[in-house]
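Chain residues, written in single-letter form:
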Amino acid sequence: MQMGERIAILRKKKGLSQEELAIVIGVSRQSISKWESSQSVPDLDKIIQLCAYFDISIDHLVLGKELEEKKHLNIKTIVLLVSACNLCGLIFGCALWFEYMSYPSFVAGPLLIILSCVFYIWAMMNQKNQEDKIEANRIFWYLNTWILLFYPFVILNNILAFQPLIHFPFGYGLHNLYYWVLYGALCFIAYTFIHNKLKKA
């Protein structure tokens, strides 16, 4: 396969016409046509531009070396995995606390949530597609807001109520209902704020 054919394949994969690619590279449509039909070859600076635009190596474009396609992170899958880890951290932390009622059992859940969120931040930093990042961010906050608010709410509530930090105020009786109402109200306010913020993004 000649270089011209590779340019044509790359252009079609992007869904561009010859004229659109010509505008991007800064040449005439006739130049693109000649490159693709192997009547001429691009200058070195145009080859570099083509490689940068199509995100390929010069070896791949010029010599036809078939390189492994870059494995881009599927950010939406990562969001779902992180959300599942956060939920596990919440359930695991609460279960440990109810079983042992100690500081190590109290911090186990938040630690797992923090680690999964750090991984999510790293994945977002390595994601190049801006549209995917915006969509992933939307899904992440919609799924995780109530989970991420839980432990800070419990700790703040304990501080205000002069309770030990590891005390969980939630229970099943009606006398504990106001904790759930407060937590629900906090989540509602947070979701409204995040929804408005993401709408503007």
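Note that the coordinates shown come from a computational prediction; the quantities given were computed from them, not determined experimentally.

Draft legend 1. Quick peek at the confidence of the model for the protein chain. Per-residue confidence for the protein chain gives a mean pLDDT of 83, with 87% of residues at or over 70. Long-range and interchain partners of residues 67-72, a stretch whose pLDDT sits below 50, account for 4 contacts in this model, where long-range means more than four residues apart.

Draft legend 2. Region of the structure containing the side chain of Lys-46. Relative to the elements of secondary structure, Lys-46 occurs in helix α4 (residues 44-54). Buried within the structure, Lys-46 lacks any salt-bridge partner; its nearest side chain of opposite charge belongs to Asp-45, at an N-O separation of 4.3 Å. If we ignore the near neighbours within four places in the chain, the residues touching Lys-46 are Ile-25, Gly-26, Val-27 and Trp-35.

Draft legend 3. Quick peek at a nonpolar patch on the surface. On the surface, Leu-44, Ile-48, Ile-58, Val-62 and Leu-63 cluster together into a nonpolar patch covering about 460 Å² of accessible area. Listed by contribution, the elements that provide at least two residues to the nonpolar patch are α4 and α5 (58-63). Looking at which element gives the most residues to the nonpolar patch, the answer is α5, with 3 residues. Mapped onto the fold, Leu-63 is located in helix α5. Using a relative accessible area of 56% as the deciding quantity, one classes Leu-63 as exposed.

Draft legend 4. Layout of the packing of aromatic side chains. Tallied over the full model, the rule gives 7 aromatic pairs. Residues Tyr-120 and Phe-140 carry aromatic rings whose centres are separated by 4.1 Å and whose planes lie at 5° to one another, so their mutual orientation is stacked. Here Phe-140 lies in helix α8 (residues 130-160) and Tyr-120 lies in helix α7 (residues 103-125), a separation of 20 residues in the sequence. Here Tyr-120 and Phe-140 have matching classes, each one buried. Taking 5.4 Å as the distance between ring centres and 85° as the angle between the ring planes, the aromatic pair formed by Phe-150 and Tyr-151 counts as edge-to-face. Here Phe-150 matches Tyr-151 in class, with each residue buried. Here a set of aromatic residues connected by ring pairs shows up, and it is made of Phe-150, Tyr-151, Phe-153 and Tyr-183.

Draft legend 5. Looking closely at the nonpolar core. In terms of nonpolar packing, the biggest core is built from 24 residues, with Leu-90, Tyr-120, Phe-140, Phe-150, Tyr-151 and Tyr-183 touching the most fellow members. Listed by contribution, the elements that provide at least two residues to this core are α6 (75-100), α7, α8 and α9 (177-200). The leading source of residues in this core is α8, at 8 residues. Membership of the second largest hydrophobic core comes to 14 residues, among which are Met-3, Ala-22, Ile-25 and Leu-50.

Draft legend 6. Spatial organisation of the pattern of salt bridges. A complete count under the given rule lists 2 salt bridges for this structure. Residue Arg-11 is joined to Glu-36 by a salt bridge in which the shortest nitrogen-to-oxygen separation is 2.6 Å. Of this pair, Arg-11 sits in helix α1 (residues 3-13) while Glu-36 sits in helix α3 (residues 29-36), and the two are 25 residues apart along the sequence. Across this residue pair, the class does not change: Arg-11 and Glu-36 are buried. Notably, a salt bridge pairs Arg-138 with Glu-135, separated by 3.6 Å at the nearest N-O pair. You can see Arg-138 and its partner Glu-135 sitting in helix α8, 3 residues apart, about one turn around the helix.

What counts, and where the lines are drawn
- Residues numbered from 1 in each chain as written.
- Predicted model: local features only at pLDDT ≥ 70, side-chain atom pairs only at ≥ 80, totals over all residues.
- Heavy atoms only, no water.
- pLDDT = per-residue confidence, 0-100.
- Contact = heavy atoms within 4.5 Å.
- Helix = DSSP H or I, 4+ residues; strand = E, 2+ residues; numbered from the N terminus.
- Buried < 20%, exposed > 50% of the residue type's maximum accessible area, 1.4 Å probe, protein only.
- Lys, Arg positive; Asp, Glu negative; His and termini not counted.
- Salt bridge = Lys/Arg side-chain N within 4 Å of Asp/Glu carboxyl O.
- Patch = residues over 30% accessible without salt bridge, like charges linked within 9 Å, V, L, I, M, F, W, Y side chains within 5 Å.
- Areas by Shrake-Rupley, 256 points an atom, 1.4 Å probe, with all protein chains shown as cover.
- Phe/Tyr/Trp six-rings, centres within 6.5 Å; stacked < 30°, edge-to-face > 60°.
- Core = buried A, V, L, I, M, F, W, Y, C linked by side-chain atoms within 4.5 Å.

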